[in-house]
Every structure is written in C-alpha cells, then in structure tokens.
Amino acid sequence: MRKFKRAAVVGAGLLAFSGIAVGAAQAAPAVHQGEDIVVPGTSIQDCQAVGDELQNAGWIEGYACMVNSDGTVSVTPYYRDQ
C-alpha cells in the first residue's frame, strides 16, 4: 500500500508538471522549420555567421547549424508562424 501511495503522488506530480509545460508551450509563439540553406563553409562559426546575419536582418526567428563533409554548412531556419 505504501508503494502505491508513493507512486500515486509521483504520478500526480508528473501530470501537474506536464500540464504546466503544455500551457507554456501553447502560450509561446509558434515557429516552423524551413528547408536547409546550404552555403560554403568548414566550421560551426561559418554556419553561425550566416544564421546570425539572417536573424539580425529579421528574415528568420532562429536557426540550427550543421557542418557537412563536402565543404559546406547547412543553416536550418525557423520562421515565426503568421
């Protein structure tokens, strides 16, 4: 019985936390991922320079970077939903 009570308390806590997380996610502005932008580069700094330039110009909301093995980098843009 003691294990059941402990499990019930933990379960209730997880449900409460997930409800808070869902509420916060719904309040945040939605963004969607665009197609990768592939540009010449060999380092994460090259990728971040392109991503920062696009973000500072207001074209994108955020980005992710990846260095490719063929001497290019991929900037994955995130756009704010309208």
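What you see is a predicted model, and the numbers here were worked out from it, not measured in a lab.

## Topic: the overall build of the protein
Point 1. Within the protein, the regular secondary structure consists of two helices and four strands.
Point 2. Ordered by position from the N terminus, the helices and strands of the protein form the series α-β-β-α-β-β.
Point 3. Within the protein, the proportion of its 82 residues that are buried is 17%.
Point 4. About 6,200 Å² of surface is accessible on the protein, with carbon and sulfur atoms providing 60% of the total.

## Let's talk about the side chain of Asn68
Point 1. With respect to the secondary-structure elements, Asn68 resides in the loop between β3 (62–67) and β4 (72–80).
Point 2. Residue classification places Asn68 among the buried residues on the basis of a relative accessible area of 19%.
Point 3. For Asn68, the side chain forms a polar contact with the side chain of Ser74, separated by 2.9 Å.
Point 4. With residues up to four places along the chain from it excluded, the contact list for Asn68 reads Val38, Val73 and Ser74.

## Thoughts on the state of the cysteines
Between two cysteines, a covalent bond joining their sulfur atoms is known as a disulfide.
Point 1. Under the defined criterion, the tally for this structure stands at one disulfide.
Point 2. For Cys47, the disulfide goes to Cys65, at an S-S distance of 2.3 Å. Where Cys47 bonds to Cys65 through sulfur, the torsion about that S-S bond is close to -95°, and the disulfide is left-handed. Of the two residues, Cys47 sits in helix α2 (residues 44–56) while Cys65 sits in strand β3, which places them 18 residues apart along the sequence.
Point 3. Using a relative accessible area of 0% as the deciding quantity, one classes Cys47 as buried.

## Side note on the pattern of salt bridges
Point 1. This structure, assessed with the given rule, holds one salt bridge.
Point 2. The partner of Glu61 in a salt bridge is Arg80, with the nearest N and O atoms 2.7 Å apart. Here Glu61 is found in the loop between α2 and β3, whereas its partner Arg80 is found in strand β4, with 19 residues between them in sequence.

## Observations concerning the confidence of the model for the protein
Point 1. On average, residues of the protein score 78 in pLDDT, and 65% of them reach the 70 mark or higher.
Point 2. Predicted confidence for residues 6–22 stays below pLDDT 50, and this span has zero contacts to residues more than four positions away or in other chains.

## Points about the environment of Ile60
Point 1. Inspection of the secondary structure assignment puts Ile60 in the loop between α2 and β3.
Point 2. Those residues within four positions of Ile60 in sequence are excluded, and the remaining contacts are Gly51, Leu54, Gln55, Pro77, Tyr78 and Tyr79.

Cut-offs applied
Residues numbered from 1 in each chain as written. Predicted model: local features only at pLDDT ≥ 70, side-chain atom pairs only at ≥ 80, totals over all residues. Heavy atoms only, no water. Helix = DSSP H or I, 4+ residues; strand = E, 2+ residues; numbered from the N terminus. Buried < 20%, exposed > 50% of the residue type's maximum accessible area, 1.4 Å probe, protein only. Areas by Shrake-Rupley, 256 points an atom, 1.4 Å probe, with all protein chains shown as cover. Polar contact = N/O pair within 3.5 Å; in protein donor to acceptor, adjacent residues only side chain to side chain. Contact = heavy atoms within 4.5 Å. Disulfide = S-S within 2.5 Å. Salt bridge = Lys/Arg side-chain N within 4 Å of Asp/Glu carboxyl O. pLDDT = per-residue confidence, 0-100.

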